[in-house]
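Given next are the chains, with one letter for each unit.
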Amino acid sequence: MRSMDFMKPLSWMVLLVAFTAVGCAHNSTSNLSMEPMVPSVQEKQVTLATVDKNPSQSKEVMEEQNPPAVEEVQEEKPRPASEEGTEDLSDEDLDFEEDLDFLEEEGEEAEVVLIADPLEPLNRAIFHFNDRLYFWFLKPAARGYNWVFPEDFRVAVRNFFVNLLFPIRFVNSILQGNFRGAGIEVSRFAVNSTLGFFGFFDPSSRGLNLPMQDEDVGQTLGVWRVGHGFFINMPVLGPFSTRSLIGWVGDSFLDPITWYVDPLLLRWGLKGYKKFNNVSLTLGDYEALKEAAIDPYIAIRNAYIQYRNALVKERGVFPEKVTPVEVYSSNPEVQRASNEYFVAELKPQRKEGQGFFATFRLVLTNKTEKELNLDWENTFYLLNSREKGRFLWEGVTWDGLTEIRGRPLVPIAAGETLTAVIFPKQLLGRASGAAPGGVQYTQGALPEGENGIALVVRQNGKVIREKMVVTISK
Amino acid sequence: MKRLRVGFILLVLLIIPFHAGAGVPLDTVEGHVNEVLKVLRDPALQGEANKEAKQERIEAVADEMFDYVALSRLTLGRNWKEFNEDQKKEFVQLYRSILEKAYMDRILSYTDEKVIFDKETMLSEKKAEVQTHILTKSTEIPIFYRVYLKDGKWKVYDVIIEGISLINNYRTQFRDILANNPPEEVLKILRKKTEPA
């Protein structure tokens, strides 16, 4: 609701105030929500593997990890996850100039923001309708209204309606587990209804530092990890997602006007006036947005979703780790191999907090009296009986990847045991931003099927080969 | 001994604020924004007659503040590679004028809103986010600048207003066009849009 204000504005950086207009657009009508996830997006996301924790195959998981990044949808060519996920890191990838490098990452990360829009033709038609409605009726009417009533009056009217919607913000703060926010709302309501003269003034926000908690049912659903669904442009009301539309209906049940104003006509009249008054305070925003856009429809759709995402992100989705829908399991859990030289154990390990496997723990014990050498150069990752590149191990940095060419033989002294956490280079993705220790990649999920290792160990020129495979399934 | 330790802790506490205080990214953004505000408030530049002069001065600051190449590159994402050298150059120019043209009027309509510089967050060694907000009579608008270190200077490569990223927003628009059209088509649209009316 604060967003509905972006009045005329602003100063310079404003460079884009326009975008904010969108926020207003819907927000004044009420509230809604955000969040992503449409199957196709999902795929895309998996593939990009840009975020360090991420190439999960699980929708839930992804949502929680990257709430901001998700939303629009139509990828031109949604490549299958496997394809991109398994793209080998060529030297070209690795040798990128550094400062340009991050731009690239950023670009990919941003690439993902879209929402499904199966109704696009209809939505666009409604967009034109709303556009005409605005320029032909709403704007001239608002201009007349502005001419008659000074801005201060209109701000007071807006404050009054905002104050009246206290139940929406209060209830949703609680539903989002934000009890402090709920408390702030109670204080605000008490202060603004009295000192603020029935809510026409808002002494809470400025003087008392009690900021409005801009929460609504749509956001609550987002916090609960409900996805956006698809984009719906409503006549008169403007942009919604499926989720925010449901939220909007929910909100109206928390709106005192719905309960206490009879008859119906007066009720709708009041709600309409509320919206009209808001529009009168933001004339010019929509025009600026349209002017700045290459394709105003897409600009608004994207801005709306980004805005809703930001609102939910601000609060944070519920922290409990919901068990991902797709939990992978490994059969057997640990694979063992033994020969006269060594005993080996291979155990797939889940990615922290995730339902999928990303690494193996390899334990190798030298049974002989002499040194054994583990030959990483000739040891391969096996996927469904095929060799799919080599392994990397924990602690290797992004820069280190380039130098790993001449892999040394790793010695294991007589009777000693070597333990290593390894992962297929094939499945690596680029992480966005450098993690502590300079690690800039993220391990991808071990796909379903037979995953394993074709191990090569040497002793005095003798080569000992051993294969260990586990079956990974959902 | 104990006293010494307390003394040491106090010393550390005294020092910390200086380090934790505004860093270079925030200072850089603040400097540019203040320059613009100065131009806007300059009594010598008031009135319709000086509009053009004002505009030029602001554009000069913007050129210093923004890295339009990075902005363009990020906006196009993967499609950047589809553009040849000349097309890239032209795109950067056109995109820049679109942004300037679209927002200049709004910037010029600035009156007495206050800009508050909240904080900076380092996103990596060479990237930072500077958080600011504008306080108007009736509302507050958060505006975040994403900056990165380029040749020793912090340059803006994205602006996020109310959670809406500029490059992200344009990206979806260009991508839609580029899905079925060659880069030339985008340039054609941009040329048309930047033509003086």
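In what follows, the structure referred to is the one given above.
Here's a quick rundown of the structure. Computed from a predicted structure; not experimentally measured.

1. Considering the overall build of chain A
Looking only at helices and strands, one finds 18 helices and 16 strands in chain A. For chain A, buried positions account for 56% of its 474 residues. Partitioning the contacts of chain A with sequence separation of at least 6, the portion at a separation of at least 24 is 74%.

2. Observations concerning the pairing of strand S2 (residues 127–135) of chain B
Residue and element names in this part refer to chain B. When you tally the buried positions in S2, you get nine out of nine residues, the bulk of the element. Residues Lys 127, Glu 129, Gln 131, His 133 and Leu 135 point to one face of S2 and Ala 128, Val 130, Thr 132 and Ile 134 to the other, with burial holding for every one of them. Judged from the nine bridges that link them, strand S1 (residues 114–124) and S2 form a sheet pairing that is antiparallel. Its bridge partner being in S2, Thr 121 is matched across the sheet by Glu 129. From the end of S1 to the start of S2, which pair antiparallel, there are two residues. In this structure, S2 lies alongside strand S3 (residues 140–150), joined through nine bridges in antiparallel fashion. Bridge assignment links His 133 to a residue of S3, and that residue is Pro 142.

3. A few points about the pattern of salt bridges
Scanning the model with the defined rule gives 26 salt bridges over all chains in all. Residue Lys 290 of chain A pairs with Asp 131 of chain A through a salt bridge whose shortest N-O separation is 3.1 Å. Of this pair, Lys 290 of chain A sits in helix H16 (residues 285–292) while Asp 131 of chain A sits in helix H7 (residues 120–148), and the two are 159 residues apart along the sequence. Residue classification places Asp 131 of chain A among the buried residues on the basis of a relative accessible area of 3%. Of the charged contacts, one joins Lys 88 of chain B and Glu 85 of chain B as a salt bridge, the two residues approaching to 3.7 Å between their closest N and O atoms. You can see Lys 88 of chain B and its partner Glu 85 of chain B sitting in helix H5 (residues 85–108), three residues apart, about one turn around the helix. Through salt bridges with shared partners, a single ionic network connects Asp 117, Glu 120, Arg 124, Asp 295 and Arg 301 of chain A.

4. A word on the environment of Val 159 of chain B
Residue and element names in this part refer to chain B. Within the secondary structure, Val 159 sits in strand S4 (residues 153–161). A relative accessible area of 0% means that Val 159 is categorised as buried. Along the chain, Val 159 and Val 147 lie twelve residues apart, while their C-alpha atoms are 8.9 Å from each other.

5. As for the nonpolar core
Grouped burial of nonpolar side chains is what soluble globular proteins tend to show. Core analysis: the largest hydrophobic core is formed by 58 residues, its most contacted members being Phe 91, Tyr 145, Tyr 170 and Phe 174 of chain B. Top contributing element to this core by residue count: H5 of chain B, with eleven residues. Of all hydrophobic cores here, the second largest spans 32 residues; its members include Tyr 341, Leu 364, Leu 418 and Ala 420 of chain A.

6. Let's talk about the side chain of Asp 158 of chain B
Residues and elements named next belong to chain B. Tracing the backbone through its elements, the reader meets Asp 158 in strand S4. Put simply, Asp 158 is tucked away with no salt bridge, and the nearest opposite charge, on Arg 146, sits 5.3 Å away. There is a polar contact of 3.2 Å between the side chain of Asp 158 and the backbone nitrogen of Leu 166. Filtering out sequence-adjacent residues up to four positions away, Asp 158 remains in contact with Leu 71, Phe 144, Tyr 145, Arg 146, Ser 165, Leu 166 and Ile 167.

7. Brief notes about the sheet that holds strand S4 (residues 335–338) of chain A
All names here are of chain A. Strand order in the open sheet made by the five strands is S4-S5-S6-S12-S10, with antiparallel pairing throughout. The two strands at the open ends of the sheet, each matched to only one other strand, are S4 and strand S10 (391–393). Strand-to-strand twist in this sheet, taken as the mean axis angle between neighbours without regard to direction, amounts to 30 degrees. One ladder, built from six bridges, connects strand S6 (residues 357–366) with strand S12 (residues 417–424); its direction is antiparallel. Bridging across to S12, Phe 360 finds its partner in Ile 422.

What counts, and at which threshold
Each chain carries its own residue numbering, running from 1 in the direction its sequence is written. Note on labels: chains are lettered from A, ligands numbered from 1, in written order. At least 70 in pLDDT is required for a residue's local features to be given in this predicted model, at least 80 for side-chain atom pairs to be given and counted, and no such filter applies to totals for whole chains, interfaces and linings, which use all residues. With hydrogens and water stripped out, all remaining heavy atoms of the structure feed into the side-chain values. Secondary structure elements follow DSSP: runs of H or I of four or more residues count as helices, runs of E of two or more count as strands, with numbering from the N terminus. Accessibility here uses a 1.4 Å probe with only protein chains present; expressed as a share of the type maximum, an area under 20% marks a residue as buried, one over 50% as exposed, and anything in between as partly exposed. When checking whether two residues touch, look at their non-hydrogen atoms; a contact exists if any pair is within 4.5 Å. Note on pairing: DSSP must find at least two bridges between two strands before they are called paired. Every case where a carboxyl oxygen of Asp or Glu lies within 4 Å of a side-chain nitrogen of Lys or Arg is listed as a salt bridge. Residues grouped as a nonpolar core are buried Ala, Val, Leu, Ile, Met, Phe, Trp, Tyr and Cys residues, joined through side-chain atoms within 4.5 Å. His residues and chain termini do not enter the charge count, which takes Lys and Arg as positive and Asp and Glu as negative. Under this definition, polar contacts are N or O atom pairs within 3.5 Å; protein pairs additionally need one hydrogen-donor-capable and one acceptor-capable atom, and for neighbouring residues in sequence, both atoms have to be side-chain atoms. All axes here are fitted lines through C-alpha atoms, helices being fitted over the stretch that makes contact, and every angle between N-to-C directions spans 0 to 180 degrees.

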